[in-house]
Amino acid sequence: MEHLERGVCMPTIEMNPFSIAIFFDEKKKAEITELLNWSNAILYKIEFQLIKDGYRKCNFLHIDPMNPESMRIIVENNFKYRVLEQVRRYSGFAHKHYKPRNMQEALLFAAVCIDDKSLDKFSKAYMRGDHKTIGLMLGYPKCDVKFFVKHWGKHLDLIYPSAMNSKRSGDIVYFDPRLNIMLRYVGARIIPHFPCNFQCRKAIEFAEIILEYLRKDNPTYTSKLLELLSKPLIFSQVNGIIQSEVFEDEAFKDPLMVVIQSGYSTDTFRLKMVPG
Amino acid sequence: MTLLVMPTLSCNFKCLYCYNRLLGKNVPEFTKYDPETLAAKAITLAKTINHQEIVLHGGEPLLWNIKHLHKFMDIISKAGYRIAIQTNGSLITDKHIQLFRKYNVSVGVSIDGFPDIGYARGLYNERGEPLISKEVNERIVSNVLRNIEKLVKNGINVGVIIVLSKYNFGDDSKIDRLAEFIKYLRKIGVTSGRLNPVFGFGRIEPYELSWKDLLYGYKLLWYKIRDLGVSYSPYVDISKALLGNFRDVVCWFHGCGFFDSFVWTITPYGTIAPCDRALGFGKIPLRADIYNNPIANSKIRVYALLQTELKNSRNGHIHRGGCPSESPNGDWRHPSRFWRTWDELIEFMSEEIRKIIPNIKLPNNYPNKLEFVEKIDRGCAWNIWRGGFACPQSR
């Protein structure tokens, strides 16, 4: 993103964006992959449904110039949009945008809003790196926006400061499963933003709005998603690589899956996290 | 690339440093597949990754019923693939030797030296206490040596894997004894092998060599064996890399991640896993599909390391951080605990090569390490006479 390139939030490691899930069992891999395919697809729709239903003013969208289908959501909803920059194509989730080297790998990163006035305000806020305005227009709770503004730039991934604000006991960090964003890299999440802590009441209210949409679409998958988000995990970063190891139980001995993600920062930490 | 097939995870040995023992309890001891199905799986995978050799690995693969071995080898051989086997060498019978001859199998034997220094291999309990007397263990090692001789006498290609620990590499006298062992192997016709450092999993930790001790040992051993006409890793691999052949070097220097390694393994479950060294996770991970992903490719760990822990290394672009399973605290995101050994040994071998070819331009100490890795992986060739790259034309 532009603010990264301007050095407001300086990544210390250059890496291709990547995120990948590794499993230990073919059956569980198939089950979880099916669940993630569903959650990725439905959460994408919900992000825009939130605009239609008045929970937020705007959202970001990656438009594929080779695939007009990627603009369907704008056309169908009569949203207003503005291209903010061209970015390089990547798989999964990434903290950082790179300039494309050719047209084939270019995606258009756009602002999508309910009306022209919001679009103008949102786009300008993006260009000047005004996270407060962006966060509020995306409908995130004020406390979470304030938290983001305070920490973004010092950390490229805010899980660690969020964990430090959360309920803890010894080396264990507790999280509300609805606020588990540690697996968002592969699409397992409810909320799309960093909560100020993993028990944040306002973020839970926001999560409940999204859960309502999810339950309406598929209550069984919604329960399964919450079940996955309730698993204990070890979240760590070493040498710019983030790893979330998800375990079957709190003994941390029986791994279910491992999610690996580029992190860009030399911050090193290891968090043992359990629901609570 | 290396393609391993594990028909079993069982073993008649319980070596001090074995990483298979870290697996949980619910792992099948033997493959659930018949040899036909397992061979078909191996051939399909070999075709997919365009690899010509299939290695039977374990556990101890000779615990597999000989009829099954025969069937498996027959199918693999008829399909046109080379076969290799990695064994502890204790269970080799005349029937196995006939089989190896028939299918032209290359045999890798794991042995750590003469009986007096080779006893980290053998039978130990979870606390690292020996389950048999030293004398019995020595008899077992002697038996393995006899089997190696038999294999060689029968015209079978044999290489050895020697695991280096304080037992066999801990001081000058032990290094002398190991050099004698390599000379003995040369005499009976074994000319190649690997000198792998042991890496700590609990009970072996006290016997692990520090990076400095390992470097000292490698240098000393080099002077003792360099004129024997033998080909041992890591010397041979470092020399290959310095001369511009990065493709054929030992897997340690390929910059593997933990889940996307240079090695592909078919487990007793029939699943495709990364390197067998990744089994120490407590469960067998399924292989990540990183090689087939043009964006998130296999350079993740190398690129990260060259900007962090290996930023000031002299030769991180050549050793690429070493084997991820050797990383401290079991965390693959660090470089191998022996990366400084590789860094220095590459310098040492550079000097050795320059003594023979003074005007050669070797790529050690290349200033832009990320650029070097990127060029090598793009198919550029290092020119040892001009000291630069020749790269394929991009379209």
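Since the structure is predicted, the reported quantities are computational estimates derived from the model, not experimental observations.

Cut-offs used in this document
Residues numbered from 1 in each chain as written. Chains lettered and ligands numbered in written order. Predicted model: local features only at pLDDT ≥ 70, side-chain atom pairs only at ≥ 80, totals over all residues. Heavy atoms only, no water. Helix = DSSP H or I, 4+ residues; strand = E, 2+ residues; numbered from the N terminus. Rg over C-alpha atoms; globule rule 2.2 N^0.38 Å. Buried < 20%, exposed > 50% of the residue type's maximum accessible area, 1.4 Å probe, protein only. Contact = heavy atoms within 4.5 Å. Lys, Arg positive; Asp, Glu negative; His and termini not counted. Charge placed at Lys NZ, Arg CZ, Asp CG, Glu CD. Buried area = accessible area lost by both parts, 1.4 Å probe. Salt bridge = Lys/Arg side-chain N within 4 Å of Asp/Glu carboxyl O. Polar contact = N/O pair within 3.5 Å; in protein donor to acceptor, adjacent residues only side chain to side chain. pLDDT = per-residue confidence, 0-100. Pairing = 2+ DSSP bridges. Core = buried A, V, L, I, M, F, W, Y, C linked by side-chain atoms within 4.5 Å. Domains from an automatic or database assignment.

A. A look at the overall build of chain B. Along chain B, the regular secondary structure elements total 12 helices and 11 strands. A compact globule built from 395 residues should have a C-alpha radius of gyration of about 21 Å, and chain B, at 21 Å, falls within 12% of that. Within chain B, the proportion of its 395 residues that are buried is 58%. The long-range fraction of contacts in chain B, counting pairs at least 24 apart against all pairs at least 6 apart in sequence, stands at 70%. The positive charge centre, built from 53 side chains, and the negative charge centre, built from 38, are 4 Å apart in chain B.

B. Here's a closer look at the interface of chain A and chain B. Opposite the 30 residues of chain A that make contact, chain B presents 25 residues. Across the chain A to chain B interface the summed buried area is about 2300 Å²; carbon plus sulfur atoms make up 66%. Its largest share of buried area at the contact with chain B, chain A owes to F24, N239 and I241 of chain A, together 25% of the area lost on that side. Counting the contacts that link chain A with chain B gives one salt bridge. Here D254 of chain A and K283 of chain B are joined by a salt bridge, their closest N and O atoms 2.9 Å apart. Along the contact surface separating chain A from chain B lie nine residue pairs in polar contact (both at pLDDT 80 or more).

C. Highlighting the confidence of the model for chain B. Here chain B averages 91 in pLDDT, while 94% of its residues score no lower than 70. With pTM at 0.91, the complex prediction returns an ipTM value of 0.88.

D. Molecular detail of the environment of P17 of chain A. Residues and elements named next belong to chain A. Turning to its location among the elements, P17 is positioned in the loop between α1 (2-5) and β1 (19-23). Overall, P17 belongs to the buried group, its relative accessible area being 6%. Along the primary structure P17 and H97 are separated by 80 residues, whereas in three dimensions their C-alpha atoms are 8.3 Å apart.

E. Expanded view of the pattern of salt bridges. Using the criterion set out here, one finds 36 salt bridges over all chains in the structure. With its nearest N and O atoms 2.7 Å apart, the salt bridge here joins R128 of chain A to D130 of chain A. Classification of D130 of chain A by relative accessible area gives buried; the value is 19%. In this structure, R82 of chain B engages E53 of chain B in a salt bridge whose closest nitrogen and oxygen atoms are separated by 3.9 Å. Highlighted residues: R82 of chain B in strand β3 (residues 82-87) and E53 of chain B in strand β2 (residues 53-56), separated in sequence by 29 residues. Where salt bridges share partners, they join D176, R178, E208, E212 and R215 of chain A into one cluster.

F. Spatial organisation of the side chain of N364 of chain B. Residue and element names in this part refer to chain B. With respect to the helices, strands and loops of the structure, N364 is situated in the loop between α11 (339-356) and α12 (369-377). A distance of 3.3 Å separates polar atoms of two side chains, one belonging to N364 and the other to S350. Beyond its immediate stretch of four places on either side in the chain, N364 contacts L242, N315, H317, I318, I346, E347, S350 and R354.

G. Focus on the pairing of strand β10 (residues 269-275) of chain A. Residues and elements named next belong to chain A. Across four bridges, strand β6 (residues 172-175) lies against β10 in parallel orientation. Within the sheet, the bridge partner assigned to F175 lies in β10 and is P275. Pairing of strand β7 (residues 233-238) with β10 involves five bridges; the strand directions are antiparallel. Within β10, the position partnered with Q237 by the bridge is F269.

H. Up close: the nonpolar core. Grouped together as the largest cluster of nonpolar side chains are 100 residues, with contacts concentrated most on F72, M73, I148, L195 and L221 of chain B. Looking at which element gives the most residues to this core, the answer is helix α6 (residues 172-188) of chain B, with seven residues. Mapping this core onto the domain boundaries places at least three of its residues in each of domain 1 (2-281) and domain 2 (299-380) of chain B. Setting aside residues no more than four positions away along its own chain, L195 of chain B makes contact with I162, L164, L178, I182, Y218, L221, Y232, S233, P234, Y235 and W252 of chain B. Within the second largest apolar cluster, 88 residues are counted, among which are I13, I210 and L256 of chain A together with F259 of chain B.

I. Local environment of the sheet that holds strand β1 (residues 2-5) of chain B. All names here are of chain B. Read across the open sheet, the nine strands follow the order β7-β6-β5-β4-β3-β2-β1-β8-β9; overall the sheet is mixed. The sheet is open, and its two edges are formed by β7 (231-233) and β9 (272-273), each paired on a single side. Here strand β5 (residues 158-164) runs beside strand β6 (residues 192-197); their pairing, made up of six bridges, is parallel. Looking at β6, one finds that G159 is bridged to S192.

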